[in-house]
Amino acid sequence: MAASTPAVVVTGIGAATPLGNSFGSIADALADGRSGVGRYDAGTYGRPQEHPAAAVADIPSPPASVVCLPPGDFGRRSRLEQLALGPAAWAIHDAGLELGGQQAPPPDRIGVIAGIGAEQLKDWERDYLDGGHDVFGPANRPTLVQRLAATLGIGGPSTTVAAACASSGFALALARSWLTAGWVDACLVGGCDVLSPTALAAFHNLRALSRREQHPQQASRPFDRDRDGFVMGEGGVFFMLERRADADRRGARCYGELAGVGMSGDASHMVTPCSNPTEAARAIAAALADAGLTAETIDYINAHAAGTPVGDAAEAAAIGAALGPAAERIPVSSTKSMSGHLISAASAFEAVACLAAIGRGFLPPTINLDEPDEACQLVHVPHAAITARVDIAASNSFGFGGANLCLVLKRAA
Amino acid sequence: MGHRCPAVLQTLAEAGSDADDLTFDAVVAASCRAGQPTAARTMVALQQQGPVGVTPHVVPQCSLHSPASAVSVGLSMHGPTIGVGGGPAALAEGLLSAATLAMSLAVTQPAAAIWLIVTGWDAPPALDDEATPTNDSTCRGLALCLKPLVTGTPLPEAAILRIDSCSSQGSPDEFTGDLPLWEFCERLTQGRATHIGCGRGLKASLIPGEMGFGFGTPATMREAA
């Protein structure tokens with residue numbers, strides 16, 4: 001992004017995650033090194049299907065000040081839709097934007113972007129398990145994003161973005177561009193994903209999931225020598241993004257600036273993580289260049305590291321390749337050790353972790369990191385958080401199919 | 001790979017030497033529905049066999065970004081790859097997202113192209129209870145090769161994709177976001193400018209250059225579809 005482009009800041013956060021349903025509760029959980037993983041039975045048709053997984057305990061209903069739903073309406077919506085609508089409405093509330101009010105942009109100048117990787121599969125599955133036949137027919141109903149915008153009364157441009165585990169990160173990248181281009185004056189952006197029997201079975205059969213069913217809280221162990229796969233999670237995280245000048249004009253709180261974005265593609269394999277770090281490193285370097293920063297200025301890196309043998313080692317190599325000698329002093333951790341892997345919502349959740357590090361002054365830990373793998377030579381933050389001033393944080397997201405993304409978040413000056 | 005992305009290969013051939021270096025090209029795939037037959041077979045397998053019957057192929061075949069990744073893997077494109085849409089407004093979301101990526105790439109990789117691939121059913125599939133197709137469904141694919149206008153000066157022979165503000169009510173010549181792909185393709189082959197609303201207040205316009213949209217004939221369009 002050119003130096004003359006306007007700064008884009010986060011003015012509102014809404015969440016429903018295994019570690020909490022607000023910025024404050026998530027920050028507390030990360031600072032405490034708390035695990036959100038437990039035993040989860042996705043069983044269908046009377047057959048048990050147990051996995052270590054990170055589920056959301058309670059999804060917050062939207063605040064009535066943002067949207068007034070008929071009694072029981074929220075509970076009747078699909079879990080995936082609840083994980084979008086609840087956090088999205090709370091992000092608007094948190095931003096202090098009264099839609100239709102004098103201080104808020106007109107509804108047609110507000111955009112909506114959500115990272116959702118396989119919305120229809122989840123919808124079809126839910127319907128089929130309930131005895132429906134949508135998956136066999138030609139129905140083509142509006143997307144979750146379109147329904148979300150309609151429910152919230154937002155009329156600007158909207159889109160669903162999918163890039164597997166980097167989906168919500170790409171959503172943030174697009175939202176920033178819409179704002180800097182002046183296409184919208186505010187953008188509700190985030191991602192959501194839900195635990196589902198099909199997804200759990202598919203990734204289990206792919207041998208991508210951890211098999212530590214008996215010890216679920218130790219199952220997610222990024223960078224550890226004994227890691228054996230990732231732990232699937234669910235959640236929804238949404239932000240309100242605005243141009244800095246607009247946020248200042250209405251006296252909005254700024255959690256931080258989305259200062260840089262870097263993107264690349266591995267072009268390697270549809271599912272298997274790429275062991276060659278070249279393209280991931282290019283995304284990291286591009287994000288720094290976009291932010292107009294050098295490697296030396298980075299205070300913390302939130303790694304994608306999901307706990308897969310190939311992916312974690314490749315990321316460690318990519319960080320080294322992108323940052324050079326600076327990588328020998330920059331602390332790196334994977335909050336997936338606590339949250340599990342929120343798939344489409346992972347990038348958004350990890351952006352919250354970076355903003356928590358900036359706002360609260362700590363380095364989130366990688367729990368379960370008992371013996372760092374020699375192939376993952378990094379400055380780790382094992383087991384417990386460390387108090388530190390963080391002004392600039394980078395967050396990596398690498399999706400299967402080779403979608404690489406790095407976000408740079410900065411303390412709002 | 002060829003059977004997976006004939007529309008891309010056709011467009012590549014028509015772009016000639018301009019499209020020789022694909023290294024940093026980006027791919028945006030806008031699909032209406034992602035992997036419905038595979039999803040249906042998976043639902044049946046889950047019911048009949050339990051979790052062990054769920055194929056890992058459901059991951060790459062039912063994810064919205066899979067067509068984009070398949071093209072990038074097949075043609076070694078190392079730019080960003082994303083899927084967008086997933087519903088009736090896939091075309092509008094694809095045009096908007098491709099234009100968005102073009103803005104980013106204009107700064108970081110000005111020589112790179114953005115490949116926008118839009119797919120849609122002319123006749124949607126109807127499946128029986130075993131997920132076997134019962135009709136002769138047709139899926140259409142369209143690939144557009146977009147390049148950022150780095151200098152800001154439009155080339156007279158080139159077709160242009162623009163994103164503009166518009167009135168909330170839209171204009172008489174503006175289509176809504178759910179314009180069917182077949183109709184969009186017809187307008188392209190006829191060299192007609194097309195304006196599509198992207199929500200209220202924003203529209204995507206495809207405006208032909210001196211050579212129309214660069215498609216040879218309607219026949220090659222059908223061949224590529």
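Basis of the calculations
Residues numbered from 1 in each chain as written. Chains lettered and ligands numbered in written order. Predicted model: local features only at pLDDT ≥ 70, side-chain atom pairs only at ≥ 80, totals over all residues. Heavy atoms only, no water. Helix = DSSP H or I, 4+ residues; strand = E, 2+ residues; numbered from the N terminus. Contact = heavy atoms within 4.5 Å. Polar contact = N/O pair within 3.5 Å; in protein donor to acceptor, adjacent residues only side chain to side chain. Expected span 1.5 Å × (residues − 1). Buried < 20%, exposed > 50% of the residue type's maximum accessible area, 1.4 Å probe, protein only. Disulfide = S-S within 2.5 Å. Pairing = 2+ DSSP bridges. Right-handed = clockwise from strand over helix to strand, strands pointing away. Domains from an automatic or database assignment. Buried area = accessible area lost by both parts, 1.4 Å probe. Salt bridge = Lys/Arg side-chain N within 4 Å of Asp/Glu carboxyl O. Nonpolar A, V, L, I, M, F, W, Y, C, P; charged D, E, K, R; others polar. Phe/Tyr/Trp six-rings, centres within 6.5 Å; stacked < 30°, edge-to-face > 60°.

What about the environment of A:Thr308?
Residue and element names in this part refer to chain A. With respect to the secondary-structure elements, Thr308 resides in the loop between β10 (300–302) and α10 (309–323). Residues Thr308 and Glu279 lie 29 residues apart in sequence; the distance between their C-alpha atoms is 18 Å. Apart from the residues lying within four places of it in its own chain, the contact partners of Thr308 are Ala208, Arg227, Gly229, Phe230 and Pro273. Here Gly311 takes part through its backbone nitrogen, which lies 3.2 Å from a polar atom of the side chain of Thr308.

Here's the deal with helix α5 (residues 90–108) of chain B
Given a rise of 1.5 Å per residue, 19 residues ought to cover 27 Å, and the 26 Å separating the end C-alpha atoms of α5(B) matches this to within 8%. Burial within α5(B) is extensive, with 15 of its 19 residues counted as buried.

Digging into the state of the cysteines
Applying the stated criterion across every chain, the model contains zero disulfides over all chains. Its sulfur unpaired, A:Cys165 is 14 Å from the next cysteine sulfur, which belongs to A:Cys274. Taking the relative accessible area as the measure of exposure, A:Cys165 reaches 10% and is therefore buried. There is no disulfide at B:Cys32, and the cysteine sulfur nearest it, in B:Cys139, is 8.4 Å away.

Examining the pairing of strand β7 (residues 194–197) of chain B
Residue and element names in this part refer to chain B. What you see with β7 is no split at all: Thr194 and Ile196 on one side and His195 and Gly197 on the other are buried throughout. Bridge analysis of strand β6 (residues 174–175) against β7 gives two bridges, and the strand direction is parallel. When the sheet's bridge partners are listed, Glu174 is paired in β7 with His195. For the segment spanning β6, helix α6 (residues 181–189) and β7, crossover handedness is right-handed. Of the pairings in the sheet, the one linking β7 to strand β8 (residues 202–207) comprises four bridges and is antiparallel in character. Bridged to Thr194 within β8 is Leu206. Here β7 folds back onto β8, and the loop between the two strands holds four residues, one of which, Gly199, carries a positive phi near 75°.

A closer look at the environment of A:Gly359
Summarising the element assignment, A:Gly359 is placed in helix α12 (residues 346–360). Each C-alpha atom, one on A:Gly359 and one on A:Arg411, is 7.8 Å from the other, the two residues being 52 residues apart in sequence.

Let's talk about the domain arrangement of chain A
Much of the literature gives interface size as the accessible area that the parts lose upon coming together. All names here are of chain A. Its domain assignment divides chain A into domain 1 (8–256) and domain 2 (259–410). Using only C-alpha atoms to locate each centre, domain 1 and domain 2 end up separated by 20 Å. Tallying the contact residues gives 62 residues for domain 1 and 62 residues for domain 2. For the domain 1 face of the interface with domain 2, the top three residues by lost area are Cys165, Phe223 and Arg227, together amounting to 18%. Our count for the contact surface shared by domain 1 and domain 2 stands at six salt bridges. Here Arg227 makes a salt bridge to Asp312, at a shortest N to O gap of 3.4 Å. The tally of links from domain 1 across to domain 2 stands at 28 residue pairs in polar contact (both at pLDDT 80 or more). When residues of the side of domain 1 that touches domain 2 are traced back to their parent elements, those giving at least two are β1 (8–16), α1 (23–32), α6 (167–181), β6 (186–193), β7 (232–233) and β8 (235–243). When residues in the side of domain 1 that touches domain 2 are grouped by element, the largest group, eight residues, is from α1. For the side of domain 1 that touches domain 2, the residue count by class is 33 nonpolar, 19 polar and 10 charged.

Description of the packing of aromatic side chains
All names here are of chain A. Enumeration over the complete set of coordinates arrives at four aromatic pairs over all chains. On the basis of an interplanar angle of 65° and a centroid distance of 5.9 Å, the ring pair of Tyr128 and Phe136 is categorised as edge-to-face. With a centroid separation of 5.4 Å and an interplanar angle of 70°, the aromatic rings of Phe203 and Phe230 are classed as edge-to-face. Highlighted residues: Phe203 in helix α7 (residues 197–205) and Phe230 in the loop between α7 and β7, separated in sequence by 27 residues. Side by side, Phe203 and Phe230 carry an identical accessibility label, which is buried. Of the aromatic side chains, those joined through ring pairs into one cluster are Phe203, Phe230 and Phe400.

Some details on the interface of chain A and chain B
Contact with chain A, which involves 63 residues of that partner, is made by 71 residues of chain B. Together chain A and chain B conceal approximately 5,400 Å² of surface at their shared face, both sides included; 63% is due to carbon and sulfur atoms. Contact with chain B buries area across many residues of chain A, yet A:Phe136, A:Trp183 and A:Met270 alone supply 13% of it, more than any other trio. At the boundary of chain A with chain B, the tally comes to one salt bridge. Here A:Asp108 ties to B:Arg200 by a salt bridge, and the two come within 3.0 Å at their closest N and O atoms. Taken together, chain A and chain B are joined by 26 residue pairs in polar contact (both at pLDDT 80 or more). Taken together, the elements giving at least two residues each to the side of chain A that touches chain B come down to α4 (119–129), β5 (158–162), α6, α7, β9 (256–265) and α9 (278–291) of chain A. In terms of residue count, α7(A) provides more of the side of chain A that touches chain B than any other element does, six residues in total. Where β5(A) meets strand β2 (residues 81–85) of chain B, two bridges bridge the pair, whose relative direction is antiparallel. What sits directly across from A:Val161, in β2(B), is B:Val84.

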